[in-house]
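# Descriptive structure summary
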Amino acid sequence: MNDTKTEPGTSAIDICVQHAREVLASQLPQIKDKGYDFAPLFRQMTIQLYLIGVMWRKGESLGLPINARDHAFAALQSMLISDGMKKKQAEQRIEFLKKMSLVEGGADTLAVAMGYDAEVNDDSMIRLFDEYRDETRVSGALWRLFERGKKIMAIGGAVAAFLTIWLTTIFIPKSEGIDILAAGLMAAALVVIPTFLIGLLIYRVKIKKPNQPASPPS
């Protein structure tokens, strides 16, 4: 891998972040042209894990006094903060990524492994996302279905509750307040529960739990 050009006195974290930005800038136009349709959270997580691998390998070339893999997480945290994320959010994100960076058995996830082997302008990110192209549970279509389901439950449940309470106060004016509230909650449940069950059925039908591919960096 070619060394990243840096200014004298630049810290190891800054060197790794600069290198990661260069690799990322060379990869993003390629995956944009492929037209992948992934859930936004999956896409974001996969890219961040990929950058961990990129910065891990770069850190190894710097002769760091600490573990280069751990240093990569610190560098990514610095990168997230410099991109506008609050420090506490960045810390929580890094803790999440640490957990997601390993598969059962302790091997690195495919994203980390491919980031570790990545070069500027190679096709590593395309090959990474191609591994998940047919994976239903990370598809953008399923994510959009999930988001619509949440809106239906929230808006539909609220509307059903409001109409039921309104109609009850008009046609049964002597009803107790607790009875009116109970009727509204029941109406909301008649919208929310079927929507949830339908979504759960779709999830069970479409989702197959895959064996996540992984190969540790060499």
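For the structure given in this document, a descriptive report is provided here. (Residues numbered from 1 in each chain as written. Predicted model: local features only at pLDDT ≥ 70, side-chain atom pairs only at ≥ 80, totals over all residues. Heavy atoms only, no water.)

### Considerations on the pattern of salt bridges
- According to the stated counting rule, one finds six salt bridges in the structure shown.
- Across the salt bridge formed by Glu119 and Arg57, the nearest N and O atoms sit 3.7 Å from each other. Of this pair, Glu119 sits in the loop between helix 5 (110-116) and helix 6 (124-130) while Arg57 sits in helix 2 (residues 40-60); the two residues are 62 residues apart in sequence, bridging distant segments of the chain.
- Residue classification places Glu119 among the partly exposed positions, given a relative accessible area of 28%.
- As a salt-bridge pair, Arg127 and Asp123 come within 3.0 Å of each other at their nearest N and O atoms.
- The exposure class of Arg127 is partly exposed, given its relative accessible area of 39%.
- For Asp123, a relative accessible area of 38% gives the class partly exposed. (Salt bridge = Lys/Arg side-chain N within 4 Å of Asp/Glu carboxyl O. Helix = DSSP H or I, 4+ residues; strand = E, 2+ residues; numbered from the N terminus. Buried < 20%, exposed > 50% of the residue type's maximum accessible area, 1.4 Å probe, protein only.)

### Regarding the packing of aromatic side chains
- Summed over the entire model, instances satisfying the criterion amount to six aromatic pairs.
- Taking 5.2 Å as the distance between ring centres and 70 degrees as the angle between the ring planes, the aromatic pair formed by Trp56 and Tyr116 counts as edge-to-face. Here Tyr116 lies in helix 5 and Trp56 lies in helix 2, a separation of 60 residues in the sequence. Comparing Trp56 with Tyr116 shows no difference in burial state: the two are buried.
- One aromatic cluster in this structure is built from Tyr36, Phe38, Phe42, Phe129 and Tyr132. (Phe/Tyr/Trp six-rings, centres within 6.5 Å; stacked < 30°, edge-to-face > 60°.)

### Description of the packing of helix 1 (residues 12-34) against helix 2
- Contact geometry of helix 1 with helix 2 gives a least axis separation of 9 Å together with a crossing angle of 135 degrees. Taken together, the axes of helix 1 and helix 2 lie oblique to each other. Where helix 1 crosses over helix 2, the handedness of that crossing is right-handed. On helix 2, the residues touching Ile15, Cys16, Val17, His19, Ala20, Val23, Leu24, Gln27, Leu28 and Ile31 of helix 1 are Arg43, Ile47, Tyr50, Leu51, Val54, Met55, Lys58 and Gly59.
- Per-class residue counts for the contact of helix 1 with helix 2 are 13 nonpolar, three polar and two charged. (Axes fitted to C-alpha atoms, helices over the stretch in contact; angles between N-to-C directions. Parallel < 35°, antiparallel > 145°, perpendicular 65-115°, else oblique. Left-handed = near helix turned anticlockwise from the far one by under 90°. Contact = heavy atoms within 4.5 Å. Nonpolar A, V, L, I, M, F, W, Y, C, P; charged D, E, K, R; others polar.)

### A few points about a nonpolar patch on the surface
- On the surface, Ile155, Val159, Phe162, Leu163, Trp166, Leu167 and Ile170 cluster together into a nonpolar patch covering about 690 Å² of accessible area.
- By the secondary structure assignment, Leu167 is in helix 7 (residues 140-171). (Patch = residues over 30% accessible without salt bridge, like charges linked within 9 Å, V, L, I, M, F, W, Y side chains within 5 Å. Areas by Shrake-Rupley, 256 points an atom, 1.4 Å probe, with all protein chains shown as cover.)

### A look at the side chain of Thr46
- Relative to the helices and strands, Thr46 is located in helix 2.
- In this view, Thr46 contacts Ala111, Leu128 and Phe129; residues no more than four positions away in its chain are not counted.

### Quick word on the nonpolar core
- Formed by 41 residues in total, the largest nonpolar core has its most connected members in Phe42, Tyr50, Leu51, Met55, Leu76 and Phe129.
- Elements with a contribution of two residues or more to this core: helix 1, helix 2, helix 3 (68-82), helix 4 (87-100), helix 5 and helix 6.
- For this core, the element with the most residues is helix 2, which contributes 10 residues.
- Apart from residues lying up to four places away in sequence, Met55 is in contact with Cys16, Val17, Ala20, Ala72, Ala75 and Leu76. (Core = buried A, V, L, I, M, F, W, Y, C linked by side-chain atoms within 4.5 Å.)

### Thoughts on helix 4
- With 14 residues, helix 4 ought to run about 20 Å at 1.5 Å a step, and its terminal C-alpha atoms sit 20 Å apart, in line with that.
- Buried within helix 4 we find Ala90, Arg93, Ile94 and Leu97. Considered in projection along helix 4, the buried side chains sweep an arc of 100 degrees and stay on one side of the axis. Along helix 4, the residues that are exposed and aim more than 90 degrees away from the buried face are Lys88 and Lys99.
- Buried-residue contacts for helix 4 involve helix 2 and helix 3. (Expected span 1.5 Å × (residues − 1). Arc of directions from axis to C-beta.)

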